[in-house]
Amino acid sequence: MTKSLRGFGWTTALCGALSGCGDDGRVDTEAASLSSAPTTGASEATATGTETTTVTPTTTATEGGMSESASEGTLEPTTATSEATSSTGETTTAGVCPADCEEKGGVCIGAECCPDEDHACGDVCCPQGDICSFNTCVTPGQECIDASACADDEYCEYSLGQPAMMGGDMMCMGGIMPATGKCLPSPPQCQDGQDPGDPPTCLASCQYVPMPEGFAPTVKYHWDAGTVMMTPIVVQLDDDNCDMIVDERDIPEIAFSTFVNGVYQGNGTIRVISIVGGQIVEKWTYNAGDVDPIAPGRELAGGDIDGLPGNELVACSTTGRTRAFTGDGQPLWTSTYTGGCSFVSIADLDQDGLPEIVVPGAVLDGATGATEVMLGVGGHNTPADLDGDGQLDIVYARGAFNSAGGVLATTGLEGVYPAIADLDLDGKPEVAVIANNKNSATTPHHLIVWRHDPQMPGGVQVVRAGIDINGALSPALCSEGSAGNTAGGGPPTIADFNGDGTPDVAVAGGVGYAVFDGTKLMDPNVADADTFMWIKQTRDCSSASTGSSVFDFDGDGSAEVVYSDEIRLRVYRGSDGEELWSTCNTTGTLQEYPVIADVDSDGHADIVAVSNNYSSINCDGTKQTGVRIFGDSEGQWVRTRRVWNQHSYHVTNTEEGGKIPAIEPTNWTTPGLNNFRQNVQPEGEFAAPDLIVDLRLQCEPDPYGLIGRVRNIGEAAVPDGVPVYFFEGDPMNGGALLGSGVTTKVLYPAEAEDVTLLLPNAPPGVLDGSSVVWVVVDDAMPMHAWHECRVDNNSASGTGKCPLPG
């Protein structure tokens, strides 16, 4: 698992070496020149800050460089000297940096000529083998291809290793050998109110706060080669960046099932796609034929289920079996249990590091598919620690089991779909349940709320016995006999819709979408009809059981609703239900819903929605089909995780890289969560990248070249493909473009990459230093979806003259 580096910062070795770093972290060339000038004085300080007296009886001082030994006639490196009178009246000799230090590529630190800028570190010169890291001398650790090879408080510094090269495993996108680096201590973050200093000893918070004007999604990608009527999942299934592991640094895959000729419960095909280089890439497909064919209308799940490196995919067959596949689409196992498979949940119930698969009526071993526990009853199961004993239970709409299959709770009420959160903020969860049985005399389209109480009959306290989710809307909005007329209610969603700090419950029915105020739901003095926060008319007359998802797209603390009925995909403002946006999106509907994840790793949330055109349903005379990915046209949506791995997704059920936690954090006690089917910001709602660049030279071996060392000193990752430009002269005053390159990998906080421009025929002014060379990173052309927290520190200048040999 890659360690998180959110919140860490970095200062370049150049700023650490020279005292002349400007306010924006760039090198002040005038100050740098002054800092390396010879100085004299009676109490000349050394690199350690102590006073020194230099006596050289056998040599003759020269103006820096080499001197001849009086005894042997050999040449030795020395420093120039100057006389001064000490406080005792004695004549002393203080060291002066050799005049040709900088010409030979060194950096003057007091009287010492430090060999190069990588070893110059504030007022000291790092010993051989150490480098300057954030104004501190450190010894690089072991070789790494990813931070997973480093300690928890380290990261992988790629500028200390070898660049990526062609010739790697061709199954890895691009066929390259991964870049290597060395492990370094993670740099510090400034505390609140702490001055970073100059040069910095820590780095301040880096955030970009978008100022969205309206809500304007556009279609970024459209896969239109089939019909889909299930909830897509997002999970990493292969090693895209060639670091030999599958984790959150890889491009996430989008997995879904398709059907043909309207047979949505017949022989389906699993399809896996991802976004690579701005294009849809089809990774693999699987069709079983006649042997346990995939049920395309049932749900998928993804994650590491066998304890081996990489993630797997779990699907349901038409025969009621559960099937598992490797990340590259090879069948892994098929369960012998045939009691049912519709919704699949993955969780480590026994906390042994090997997850289980929870399906209706049974618990299966993740590695083999063997039946571990028979539950006897159950439906759409959701693992959660209902009784607070530190172990996951198996919660379904009408009750709960412990992980061993023992009965924990029985409601005696109807119910199909559960969702779990702490609605009254007492540290104990409630279960929000949708009952939609058309044959029920009391709850054909109703919301029920209950919680576990071992002192009550059946271990259950019923908070709400059944609220009609249609409110004042008439079921007659759907034709007589249709599901929307006789029943209704899909999988509920829980989030803070109005920004008051407490979670609320939302549900889609056959004729409307309703949000219930969580505080009012838990208040026995509030009547059922008064618990509505808002309700909007929709149309889902076919199944009347679609779900929805939630995300705070603008980061204002109030969640937006993303919902697709039979006809349109809509986004509602959470606080009052105002429709912010809608578009045609036809579907015959089952229990599917759109999901939110960053599927193209651009640092912004995306909406993944499915559609189909097999039925007579149309939207303004049009039909849609396939999988569409929507993003904000102005790049204003905030970041989110790159995973949504199952229908009962609730953030804590999976790490971002697909690993299933052995001990699942409790969602409703985790700060910033207490939700269900809502995606969130990984760490810091507005964390942003911040790129700086350092000019370096390639003098040997030939050919000559300029190097831009690009480093991300922000709190969020930046995608690959960032342009780096090199100029002879100031680009703001007519400087001539020498050439450009691009970064080739995602740069996480503190990481750097060298971008080299080879110039075998460099202009004379560049080579002899008479021209100032500039390097610029991220000039925002062309415009991109991600934003830096600062844009005033994206350039550096210096000389292109190589140091003299010797």
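Residues numbered from 1 in each chain as written. Predicted model: local features only at pLDDT ≥ 70, side-chain atom pairs only at ≥ 80, totals over all residues. Heavy atoms only, no water.

What about empty space enclosed by the protein?
Tallied over the entire structure, the rule returns 3 cavities of 30 Å³ or more. Estimated volume of the largest cavity: approximately 180 Å³. Lining the largest cavity are 20 residues, and of these Gly 603, His 604, Arg 639, Ala 687 and His 787 sit closest to its centre. Split by residue class, the lining of the largest cavity holds 12 nonpolar, 5 polar and 3 charged. Roughly 70 Å³ of volume is contained in the second largest cavity. Contributing to the lining of the second largest cavity are Phe 343, Val 344, Ser 345, His 380, Asn 381, Thr 382, Tyr 417, Pro 418, His 647, Ser 648 and Arg 677. A breakdown of the residues in the lining of the second largest cavity according to their chemical character gives 4 nonpolar, 6 polar and 1 charged. (1 Å grid on protein atoms, 1.4 Å probe; cavity = no way out; pocket = protein on both sides within 12 Å on 5 of 7 lines; lining within 4 Å. Points joined across faces, edges and corners; volume = space filled by probe spheres on them. Nonpolar A, V, L, I, M, F, W, Y, C, P; charged D, E, K, R; others polar.)

Details of the pattern of salt bridges
If the charged atoms of two oppositely charged side chains come close together, the side chains can form a pair. Enumeration according to the criterion identifies 24 salt bridges in this entry. For Arg 570, the salt bridge identified is with Asp 565, shortest N-O distance 2.8 Å. You'll find Arg 570 and Asp 565 in the same group, each marked buried. With a shortest N-O distance of 3.1 Å, Glu 579 and Arg 570 are connected by a salt bridge. Looking at Arg 570, the relative accessible area reads 12%, which means it is buried. Overlapping salt bridges bring together Lys 220, Asp 600, Asp 602 and Asp 606 as one network. (Salt bridge = Lys/Arg side-chain N within 4 Å of Asp/Glu carboxyl O. Buried < 20%, exposed > 50% of the residue type's maximum accessible area, 1.4 Å probe, protein only.)

A word on the pairing of strand β39 (residues 512–516)
Of all 5 residues making up β39, 5 are buried, and the element is well covered by its neighbours. Residues Gly 512, Ala 514 and Phe 516 of β39 are buried on one face, and the alternating residues Tyr 513 and Val 515, pointing to the opposite face, are buried as well. Taken together, the 4 bridges between strand β38 (residues 504–508) and β39 define a ladder with antiparallel strand orientation. Along β39, the bridge assignment pairs Ala 506 with Val 515. Following β38, the chain reverses through 3 residues before pairing antiparallel with β39. Of the strand pairs in this sheet, β39 and strand β40 (residues 532–537) are connected by 5 bridges, and their pairing is antiparallel. For Gly 512, the partnering residue across the bridge sits in β40 and is Gln 537. (Helix = DSSP H or I, 4+ residues; strand = E, 2+ residues; numbered from the N terminus. Pairing = 2+ DSSP bridges.)

With respect to the confidence of the model for the chain
Close inspection of predicted coordinates is inappropriate for parts of the model with low pLDDT. Across the chain, the average pLDDT comes to 85, with 85% of residues at or above 70. Scored below 50 in pLDDT, residues 1–92 shows 184 contacts in the model against residues more than four places distant or in partner chains. In the predicted structure, residues 167–171 sits below a pLDDT of 50 and forms 8 contacts with residues beyond four places in sequence or in another chain. (pLDDT = per-residue confidence, 0-100. Contact = heavy atoms within 4.5 Å.)

Points about the sheet that holds strand β29 (residues 382–384)
In spatial order, the strands read β29-β30-β31-β32; together these 4 strands make up an open sheet with antiparallel pairing. Each edge of the open sheet carries a strand with a single partner, namely β29 and β32 (407–410). Taking the axes of each pair of neighbouring strands and ignoring which way they run, one obtains an average angle of 25° across the sheet. In this sheet, strand β30 (residues 393–396) lies alongside β29 in antiparallel orientation, the contact comprising 3 bridges. Looking across to β30, one finds that Pro 383 is bridged to Ile 394. (Axes fitted to C-alpha atoms, helices over the stretch in contact; angles between N-to-C directions.)

A word on the sheet that holds strand β41 (residues 548–551)
In spatial order, the strands read β41-β42-β43-β44; together these 4 strands make up an open sheet with antiparallel pairing. On the outer flanks of this sheet lie β41 and β44 (579–584), each paired with one strand and no other. Here the average twist between neighbouring strands, direction ignored, is 15°. The pairing of strand β43 (residues 568–573) with β44 spans 5 bridges and is classified as antiparallel. Residue pairing in the sheet places Leu 569 in a bridge with Thr 583 of β44.

Observations regarding the packing of aromatic side chains
Aromatic rings in a pair are described by how distant their centres are and how their planes are angled relative to each other. Applying the stated criterion across every chain, the model contains 19 aromatic pairs. Between Tyr 264 and Tyr 614 the ring centres are 6.0 Å apart and the planes differ by 50°, which places this aromatic pair in the tilted class. Residue Tyr 264 is found in the loop between β18 (253–258) and β19 (269–276), and its partner Tyr 614 is found in the loop between β46 (606–611) and β47 (626–632); the two are separated by 350 residues along the sequence. Overall, the relative accessible area of 28% leaves Tyr 264 in the partly exposed class. Their ring planes at 80° and their centres at 5.1 Å tell us that Phe 551 and Phe 553 sit as a pair that is edge-to-face. By the burial criterion, Phe 551 is buried, and Phe 553 matches it. Following the ring pairs from residue to residue traces out a cluster consisting of Phe 215, Phe 551, Phe 553 and Trp 637. (Phe/Tyr/Trp six-rings, centres within 6.5 Å; stacked < 30°, edge-to-face > 60°.)

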